[in-house]
Amino acid sequence: MTLRLALIQINPTVGDLAGNQELMDAAVRKLRDAQPDLVVFPELAVTGYPPEDLLGYRRFLDDASSAVDGLARAHPETRILVGAPVLEGDRLYNAAILLHRGSRAHTYRKCTLPNYGVFDEKRYFEPGRRCPVLRFGEHAIGVSICEDIWVPGGVPKIQAENGATILINISASPYAAGKVEERARLVRHRAIEHGVTLAYLNIVGGQDELVFDGGSLVYDAAGRLLARGRRFCEDAILLDIDSGSVPAETALDEEPFVQPRYEGIEEIEDELRPEIVDLGSLDRADRVALEARSPLEEPSYDEEVYRALVLGTRDYVRKNQFREVVIGLSGGIDSALTAVIASDALGPKKVHAITMPGPYTSESSLAGARALAANLGISLIEAPIHDLLVAYRESVVRLLQTESLGVTEENIQARIRGNLLMAWSNYHGGLVLTTGNKSEVSVGYCTLYGDMAGGFAVIKDLPKLLVYRLARWRNAAGPGTDVIPEDTLARVPSAELSPGQKDSDSLPPYPILDQILEARIEHEEPPDALVARGFDAETVRKVYAWIDRSEYKRRQAPPGIKISTRAFGKDRRYPITNRYRPA
């Protein structure tokens, strides 16, 4: 006999308990004719992920509990597995709750709590220690949550050893470029390793800096892909799974998933206890056969990153209830890509651009801004800053008692533009999108309260070379002719804040800079390792020093979408006051 499983990728909003419950209600109602034996929702679907310090508010936990019970009462005829926080006495658990016949039939408490990178679960939750196998007639199902399957051994191993032939893992796994391949290898590896069918359900949507990309997966014990969820959008996977395990016919992946932070997994295993929970037979009527699901084509690397940026931007604006956005459009590549992403995310009518030419703005830059706005169909306001700069400069000269302002005069221009954008935002209620990239933000090549002023930094985790790649990918993707003018792509990068200025006057060439930044930020390589690889020692020394000195700027920058494995913010947390310098 088969088990009909429905895996539902939803896009919840953190804290919107009623809205999230409504999302799940609608999904269950839509599936009624298919008669699934079990409908599954992702990790902490009731609250959204991560709820962070909302979990310290008792009323929030009570309301979340009420939402769970309301979902159970609304669908007494349906077995539903849903992620939610569960408070038991003074202990809070990250839980998967099985609902049936209008009440809670069973609760699994997450055993392996991640506490690295963007995860901070030990701050909030206690670990569970029981590994239940849920029996529905001849079906034996092991339920786990996210990190439980990333470590070797532990919960899935114990459940399989105690008879589970189907493992269900509900997850909230944030996106990073290329991570989908790692997830697929993991799920396939665990399915083969434990001789089970493994269904992995991931959440979808943007939450502050994070993007959750869906891409749910089901593999059988022979390592065959049975189903895959769509990326970067809500989706429902319906499939029938045979109750018996499939003999493993495929060797395990060569690379085992052993994570150093869990070298003591054997000690955790000693504390885990198996549990058999008999939930009765399925008692279902005959059902219509499921239609075959069309194979999904995975996006390329560039498309994947671009779609993550679009989803993250759309959800940040939508979930924070902004009606529209505004961008300072310089005619350069960074603001061009930001405007295109915003237009794709929100529609051109909700995107407004202001171009603010100054004394050093080239005609080609102004023409590029006009052409891009026309190509996108977004509004463009031209607001020259010449008169403002004269008045501002006179005041600063009186203050400082000198005519020689140097870089100070460059920063004045950036801050005038930031003030104009924020004035537009104050008056219209729209969100300012900043346009700085990771290469600039890393080394502090940006102006605090100037081009860093805004509410959301769309491309802050994109190195400069990736900005160009995504711009060319978007032009090729269409529809129609190139949306970003070729002149914008071809022009020499410049802030245009002084006569004849080029980025290369202040920074190493971007092909070199981006490699040094990746080594330092992504891999924590010491400077001598880069010098040994052939990089100029003085260039490496300067870049490393710039990164450290710019921490105070980054702390004051708006949040932006995490794309890499080491984004500034929750991933990479360095002290501002810090005198350590690697030799």
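First, a word on scope: everything that follows refers to the structure included in this document.

Procedures and definitions
- Residues numbered from 1 in each chain as written.
- Predicted model: local features only at pLDDT ≥ 70, side-chain atom pairs only at ≥ 80, totals over all residues.
- Heavy atoms only, no water.
- Axes fitted to C-alpha atoms, helices over the stretch in contact; angles between N-to-C directions.
- Helix = DSSP H or I, 4+ residues; strand = E, 2+ residues; numbered from the N terminus.
- Parallel < 35°, antiparallel > 145°, perpendicular 65-115°, else oblique.
- Left-handed = near helix turned anticlockwise from the far one by under 90°.
- Contact = heavy atoms within 4.5 Å.
- Nonpolar A, V, L, I, M, F, W, Y, C, P; charged D, E, K, R; others polar.
- Pairing = 2+ DSSP bridges.
- Phe/Tyr/Trp six-rings, centres within 6.5 Å; stacked < 30°, edge-to-face > 60°.
- Buried < 20%, exposed > 50% of the residue type's maximum accessible area, 1.4 Å probe, protein only.
- Lys NZ or Arg CZ within 6 Å of the ring centre and 35° of its normal.
- Right-handed = clockwise from strand over helix to strand, strands pointing away.
- Disulfide = S-S within 2.5 Å.

### What to know about the packing of helix H14 (residues 510-522) against helix H16 (residues 537-549)
Phase 1: For the pair H14 and H16, interaxial distance at closest approach is 10 Å and the crossing angle is 60°. Here H16 runs oblique to H14, going by the angle between their axes. Crossing of H14 against H16: the hand is right-handed. Residue-level contacts link Leu513, Ile516, Leu517 and Arg520 of H14 to Thr539, Val540, Val543, Tyr544, Ile547 and Asp548 of H16.
Phase 2: The residue makeup of the contact of H14 with H16, split by class, is seven nonpolar, one polar and two charged.

### A look at the sheet that holds strand E18 (residues 379-382)
Phase 1: One open sheet holds the five strands; their spatial order is E18-E17-E16-E19-E20, and the pairing between them is parallel. Two strands lie at the open edges of the sheet, namely E18 and strand E20 (456-457), each paired on one side alone.
Phase 2: Both strand E16 (residues 325-328) and strand E17 (residues 351-355) contribute to a ladder of four bridges, which runs parallel. Its bridge partner being in E17, Val326 is matched across the sheet by His352.
Phase 3: Helix H7 (residues 333-346) rests against E16, E17 and strand E19 (431-434) of the sheet, and its axis sits at about 165° to E16.
Phase 4: Against the sheet, helix H10 (residues 407-428) contacts E16, E17, E18 and E19, and its axis sits at roughly 170° relative to E16.

### Regarding the packing of aromatic side chains
A ring pair, where both rings are aromatic, is described by two values, the distance of the centres and the angle of the planes.
Phase 1: As enumerated under the stated definition, the model contains five aromatic pairs in all.
Phase 2: Ring centres of Tyr316 and Phe456 lie 4.0 Å apart, and the angle between their planes is 15°; this geometry places the pair in the stacked category. Remark: Phe456 occurs in strand E20 and Tyr316 occurs in helix H6 (residues 301-319); sequence separation between them is 140 residues.
Phase 3: Given a relative accessible area of 14%, Tyr316 falls into the buried group.
Phase 4: The exposure class assigned to Phe456 is buried, which follows from its relative accessible area of 0%.
Phase 5: Sitting above the plane of the Tyr93 ring, Arg109 keeps its charged end 5.8 Å from the centroid.

### Description of the sheet that holds strand E1 (residues 2-9)
Phase 1: The strand order across the open sheet built from six strands is E5-E4-E3-E2-E1-E14, with neighbouring strands paired in mixed fashion. The sheet is open, and its two borders are formed by strand E5 (103-109) and strand E14 (235-242), each paired with just one other strand. Taken pair by pair, the neighbouring strands of this sheet meet at an average axis angle of 35°, ignoring direction.
Phase 2: Sheet strands touched by helix H2 (residues 58-74): strand E3 (80-88), strand E4 (91-100) and E5. Its angle to E3, the strand with the most contacts, is close to 150°.

### A few points about the pairing of E16
Phase 1: Neither face of E16 is open: one carries Val325 and Ile327, the other Val326 and Gly328, and all of them are buried.
Phase 2: On the question of chirality, the crossover connecting E16 to the parallel E17 by way of H7 is right-handed.
Phase 3: Bridge count for E16 against E19 is three bridges, and the pairing is parallel. Each bridged residue has a counterpart across the sheet, and for Val325 the counterpart in E19 is Leu431.

### A short note on the state of the cysteines
Phase 1: In the structure shown here, the tally under the stated rule is zero disulfides.
Phase 2: In this structure Cys111 is not part of a disulfide, and its nearest cysteine sulfur, from Cys131, lies 4.7 Å away.
Phase 3: Residue class for Cys111 comes out buried when judged on its relative accessible area of 3%.
Phase 4: We classify Cys131 as buried; its relative accessible area is 1%.

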